[in-house]
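A structural walkthrough
What follows is each chain in one-letter form.
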Amino acid sequence: LAKTTQPISMDSYEGQEVNITCSHNNIATNDYITWYQQFPSQGPRFIIQGYKTKVTNEVASLFIPADRKSSTLSLPRVSLSDTAVYYCLVVVNAGNNRKLIWGLGTSLAVNP
Amino acid sequence: NAGVTQTPKFQVLKTGQSMTLQCAQDMNHNSMYWYRQDPGMGLRLIYYSASEGTTDKGEVPNGYNVSRLNKREFSLRLESAAPSQTSVYFCASSDPIRLADADTQYFGPGTRLTVL
């Protein structure tokens, strides 16, 4: 059964690059990895999604190694507004069923 | 285009009372979900509905029932509330094209429920 593990918390400073890694053992070959951001008193918000290698959008990059047992969310030059909780999500497809495997979240604090 | 809306935003119940949390989406999504979020435990799936007319149990379904009223609406009912159900409840929707396809979930603002 796929399981996701990510650090509980991280600290950074404005302008730095932040990398958050999520481990997902036993991920199946057709699973995608998705990352969400959540601010206090709000619902999670989609950031980025990938299947393999590297994906980049306007807010982040996602690195997935060849063995796909982990993924790294990279936030370039963080600002105070990036302080939030970041979740990784793996979707496991088993026949006609879909199982969502969420990480417990990484609380990122960006300091001035 | 409001996305995913939830009502109420806040609710306080006494043990044993019942209530229904409402959720609606205007994105024509097929799939809808109910989660609860507790400190240190991340998001836990209660029930989901892959399409109109179908519902399935998630990780923590005990004490809850759901109704997929139509494609837009997915409600969560607590028949006899317990203090252990004090939590923040999120509704989400998505539209996976194929089962093996990418799936982006859109979340509502949440309902903060306290059971005394």
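Details of the structure are given in the entry above.
Scope of this entry: the structure provided in the associated data block. Residue numbers restart at each chain and count upward from 1, following the sequence in its written direction. Labels are handed out in written order, letters beginning with A for the chains and numbers beginning with 1 for the ligands. For this predicted model, a pLDDT threshold of at least 70 governs which residues receive local features, and a threshold of 80 or more governs which side-chain atom pairs are given and counted, while totals over whole chains, interfaces and linings are taken from all residues. Only hydrogens and water are set aside when side-chain values are computed; all heavy atoms of the structure are taken into account.

The next thing to look at is the pairing of strand β4 (residues 33-38) of chain A. Residues and elements named next belong to chain A. The buried label goes to any residue with under 20% of its type's maximum accessible area, the exposed label to any with over 50%, and the partly exposed label to all in between, with areas taken from a 1.4 Å probe on protein chains only. Every helix listed is a DSSP run of H or I at least four residues long, and every strand listed is a run of E at least two residues long, numbered separately from the N terminus. Among the six residues in β4, six count as buried, and that is most of the element. Both faces of β4 are covered, namely the face carrying Ile33, Trp35 and Gln37 and the face carrying Thr34, Tyr36 and Gln38. The sheet contact formed by β4 and strand β5 (residues 45-50) spans five bridges and is antiparallel. Residue pairing across strands places tyrosine 36 opposite phenylalanine 46, the latter belonging to β5. Only strands joined by at least two bridges in the DSSP assignment are considered to pair. With antiparallel pairing between neighbouring strands as the criterion, β4 and β5 make up a hairpin whose turn holds six residues, including serine 41 at a positive phi of roughly 65°.

This brings us to the state of the cysteines. Residues and elements named next belong to chain A. Only a pair of cysteine sulfur atoms within 2.5 Å counts as a disulfide in this structure description. Under the defined criterion, the tally for this structure stands at two disulfides over all chains. The disulfide partner of cysteine 22 is cysteine 88, and the S-S distance across this bridge is 2.0 Å. What sets the handedness of the cysteine 22 and cysteine 88 disulfide is the S-S torsion sign, and at about 50° it is right-handed. Taken together, the residues cysteine 22 in strand β3 (residues 18-25) and cysteine 88 in strand β9 (residues 84-94) connect sequence positions 66 residues apart.

What follows deals with the sheet that holds strand β3 (residues 19-25) of chain B. Residue and element names in this part refer to chain B. On the basis of which strands lie adjacent, the open sheet formed by four strands has the order β1-β3-β8-β7 and antiparallel pairing. The open sheet terminates on both sides in strands that have one partner only, identified here as β1 (4-7) and β7 (65-68). With direction set aside, neighbouring strand axes in the sheet form an average angle of 15°. As defined by bridge partners, β7 adjoins strand β8 (residues 74-78) across four bridges and the pair is classed as antiparallel. Note on β8: the bridge partner recorded for asparagine 65 is arginine 77. To obtain each axis, a line is fitted to C-alpha atoms, and for helices this fit is confined to the stretch in contact; angles are then taken between N-to-C directions over 0 to 180 degrees.

Attention now goes to the sheet that holds strand β8 (residues 70-75) of chain A. Residue and element names in this part refer to chain A. The five strands lie next to each other as β1-β3-β8-β7-β6, forming an open sheet whose pairing is antiparallel. The outermost strands of the open sheet, each flanked by one partner alone, are β1 (3-5) and β6 (53-56). Looking at each pair of strands side by side, their axes are set apart by 20° on average, direction ignored. Note that β3 and β8 share six bridges and pair antiparallel. Note that in β8 the partner of serine 23 across the bridge is serine 70.

Let us look at the pairing of β8 of chain B. Residue and element names in this part refer to chain B. Counting buried positions over the five residues of β8 gives four, a clear majority of the element. For β3 and β8, the ladder comprises three bridges, and the chain directions are antiparallel. Across the sheet, residue methionine 19 finds its bridge partner in β8, namely leucine 78. Connecting β7 to the antiparallel partner β8 that follows it, the hairpin turn spans five residues.

Let us look at the nonpolar core. If you look at the biggest cluster of nonpolar residues, it comprises 22 residues, and the most contacted ones within it are Trp35, Ile48, Leu73, Leu75 and Tyr86 of chain A. When residues in this core are grouped by element, the largest group, five residues, is from β9 of chain A. Each residue touching isoleucine 48 of chain A, except ones within four places of it in the same chain, is listed here: Ile33, Thr34, Trp35, Val55, Thr56, Asn57, Ala60, Ser61, Leu62 and Leu73 of chain A. Counting 20 residues, the second-largest nonpolar core is a separate cluster that includes Leu13, Ile46, Tyr47 and Ala81 of chain B. Residues belong to a common nonpolar core when they are buried Ala, Val, Leu, Ile, Met, Phe, Trp, Tyr or Cys residues joined through side-chain atoms within 4.5 Å. Contact definition: two residues touch when any of their heavy atoms are within 4.5 Å.

All names here are of chain A. Note on placement: arginine 68 falls in the loop between β7 (61-64) and β8. Given the relative accessible area of 9%, arginine 68 is considered buried. Those residues within four positions of arginine 68 in sequence are excluded, and the remaining contacts are His24, Ile27, Ala28, Thr29, Asn30, Asp31, Ile33, Tyr51 and Lys52.

Any pair of Phe, Tyr and Trp rings, taking the six-membered ring for Trp, is counted once the centres come within 6.5 Å. Such a pair is stacked with planes under 30 degrees apart, edge-to-face with planes over 60 apart, and tilted for the rest. Going through the model one piece at a time under the given rule, you end up with twelve aromatic pairs over all chains. Aromatic side chains tyrosine 36 of chain A and phenylalanine 107 of chain B sit 5.9 Å apart centroid to centroid with 80° between the ring planes, which places their arrangement in the edge-to-face category. With tyrosine 36 of chain A in strand β4 and phenylalanine 107 of chain B in strand β10 (residues 106-107), the pair connects residues from two separate chains. The pair formed by tyrosine 36 of chain A and phenylalanine 107 of chain B is uniform in burial state, with each residue classed as buried. Residues tryptophan 102 of chain A and tyrosine 35 of chain B carry aromatic rings whose centres are separated by 5.7 Å and whose planes lie at 90° to one another, so their mutual orientation is edge-to-face. Taken as a pair, tryptophan 102 of chain A in strand β10 (residues 97-102) and tyrosine 35 of chain B in strand β4 (residues 31-37) lie in two separate chains rather than in one. Among the residues examined, tryptophan 102 of chain A registers a relative accessible area of 10% and is labelled buried. The class of tyrosine 35 of chain B is buried, set by a relative accessible area of 0%. Following the ring pairs from residue to residue traces out a cluster consisting of Tyr36, Phe46, Tyr87 and Trp102 of chain A together with Tyr33, Tyr35, Tyr48, Phe90 and Phe107 of chain B.

By themselves, these are just geometric observations and shouldn't be taken as functional.
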